[in-house]
Amino acid sequence: MSSSDIDDNSIPINDLPNDTEAAIRYIKTLLPVTVKDTFKYPPVVFIHQLYDIVHNKTLINKELEILRKQSKIQKLTIGTSDSSSALILYEDYVKYTLNIYPENRCVNKFLNVILPSIKSFGVQKCTLLQQFKLQQYELTELINCGLLLIRNQESYWISFPSSGNFIKRYIEGRKYIIQIIKRRKFQEILESSKTINKCTE
């Protein structure tokens, strides 16, 4: 095949991942098999992990905003922070949630209509009631399914099913690894150490 036979437009530029999306997908490949090959938890990527791959915070923040507007990622707050600290690729968020609630009408409306319009890690209660015409029982259903976490009387954080258990295991695993590192002579530990993988199961 000669160079003249190659269509320069065969791969749309917009379909190519930016540096930050590529970093997110790379981090996903590093997750233990017990996370990648099951639906116990979705593949959560922490934003601070991106800084070790793309050494430009300004670029990361700019590209995360682009990905958010394109509905390619869902930002999350892990714990009680008022800022996003983690994210999930939107495709993974939907796949994980529908695996747990495949026939739930409220969940499907949330994934297909509400979430793509919010594009944030939090939402006001009045927005859900007025803009999206949700009834109180639907809000309760979304809370019970783990897709909304109560932030205060007037707002919610976007979340995912079993997020409470995920955060608990994350905090426990983090403390466990720090304890191991502190006991080491040079305050170091191999990335391939089985003790690290054990913490994420």
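Heads up: the structure comes first, above all this text.
Overview of the structure. (Residues numbered from 1 in each chain as written. Predicted model: local features only at pLDDT ≥ 70, side-chain atom pairs only at ≥ 80, totals over all residues. Heavy atoms only, no water.)

## Considerations on the pattern of salt bridges
Next up, step 1: Inspection of every chain in the model, using the stated rule, returns 7 salt bridges.
Next up, step 2: Of the charged contacts in the structure, one is a salt bridge between E91 and R25, with a shortest N-O distance of 3.1 Å. With a gap of 66 residues between them, E91 in helix α5 (residues 90-100) and R25 in helix α1 (residues 19-29) connect regions that are remote in the sequence.
Next up, step 3: The partly exposed category is assigned to E91, whose relative accessible area is 45%.
Next up, step 4: Residue classification places R25 among the partly exposed residues on the basis of a relative accessible area of 31%. (Salt bridge = Lys/Arg side-chain N within 4 Å of Asp/Glu carboxyl O. Helix = DSSP H or I, 4+ residues; strand = E, 2+ residues; numbered from the N terminus. Buried < 20%, exposed > 50% of the residue type's maximum accessible area, 1.4 Å probe, protein only.)

## Description of the nonpolar core
Next up, step 1: Counting 32 residues, the largest nonpolar core has Y93, F110, L128, L148, I158, F160 and F166 as its most contacted members.
Next up, step 2: Looking at this core, the elements that each hand over two or more residues are β3 (86-89), α5, α6 (105-118), α8 (136-144), β6 (155-158) and α9 (163-183).
Next up, step 3: Here this core gets 7 residues from one element, more than from any other, and that element is α6.
Next up, step 4: With residues up to four places along the chain from it excluded, the contact list for Y93 reads Q74, I88, F110, L111, L115, L147, I158, S159 and F160.
Next up, step 5: Core analysis: the next-biggest nonpolar cluster, separate from the first, contains 13 residues, A23, I27, V45 and L89 among them. (Core = buried A, V, L, I, M, F, W, Y, C linked by side-chain atoms within 4.5 Å. Contact = heavy atoms within 4.5 Å.)

## Thoughts on the packing of aromatic side chains
Next up, step 1: Here the structure, examined in full by the defined rule, presents 4 aromatic pairs.
Next up, step 2: Considering the side-chain rings of Y41 and F166, the 5.6 Å spacing of their centres and the 65 degrees angle between planes classify their relative orientation as edge-to-face. Of this pair, Y41 sits in the loop between α2 (33-36) and β1 (45-46) while F166 sits in helix α9, and the two are 125 residues apart along the sequence. For the pair Y41 and F166, a shared accessibility class is recorded, and that class is buried.
Next up, step 3: On the numbers, 6.2 Å between centres and 80 degrees between planes, the contact of Y96 with F160 is edge-to-face. One end of the pair, Y96, is in helix α5; the other, F160, is in the loop between β6 and α9, with 64 residues separating them in the sequence.
Next up, step 4: Through successive ring pairs, a cluster of aromatic residues spans Y41, Y96, F160 and F166.
Next up, step 5: Above the ring of Y51, the side-chain terminus of K57 is found at 4.8 Å from the ring centroid. (Phe/Tyr/Trp six-rings, centres within 6.5 Å; stacked < 30°, edge-to-face > 60°. Lys NZ or Arg CZ within 6 Å of the ring centre and 35° of its normal.)

## Some points on the sheet that holds β1
Next up, step 1: The strand order β1-β3-β2 describes an open sheet built from 3 strands, whose pairing is antiparallel. Of all the strands in the sheet, just β1 and β2 (73-76) have a single pairing partner and so form its edges.
Next up, step 2: The pairing of β1 with β3 spans 2 bridges and is classified as antiparallel. Note that in β3 the partner of F46 across the bridge is A86.
Next up, step 3: The sheet strands contacting α5 are β2 and β3, and the helix crosses β3 at an angle near 75 degrees. (Pairing = 2+ DSSP bridges. Axes fitted to C-alpha atoms, helices over the stretch in contact; angles between N-to-C directions.)

## Re the sheet that holds strand β5 (residues 148-152)
Next up, step 1: If you trace the 3 strands from one edge of the open sheet to the other, you get β4-β6-β5, paired in antiparallel fashion. Of all the strands in the sheet, the pair left with one neighbour each is β4 (122-124) and β5. Neighbour to neighbour, the strand axes of the sheet diverge by 35 degrees on average, direction disregarded.
Next up, step 2: Where β5 meets β6, 4 bridges bridge the pair, whose relative direction is antiparallel.

## Observations concerning a nonpolar patch on the surface
Next up, step 1: Taken together, the side chains of Y26, L30 and I53 make up a nonpolar region of the molecular surface, amounting to roughly 300 Å² of accessible area.
Next up, step 2: Along the polypeptide, Y26 turns up in helix α1.
Next up, step 3: By relative accessible area, Y26 is classed as partly exposed at 45%. (Patch = residues over 30% accessible without salt bridge, like charges linked within 9 Å, V, L, I, M, F, W, Y side chains within 5 Å. Areas by Shrake-Rupley, 256 points an atom, 1.4 Å probe, with all protein chains shown as cover.)

## So, the packing of α5 against α6
Next up, step 1: Relative to each other, α5 and α6 sit at 165 degrees, their axes nearing to 10 Å. It follows that α5 is roughly antiparallel to α6 by the angle criterion. The chirality of how α5 crosses α6 is right-handed. Each of Y90, Y93, V94, T97 and L98 in α5 lies in contact with α6, whose residues at this interface are V107, N108, F110, L111, L115 and P116. (Parallel < 35°, antiparallel > 145°, perpendicular 65-115°, else oblique. Left-handed = near helix turned anticlockwise from the far one by under 90°.)

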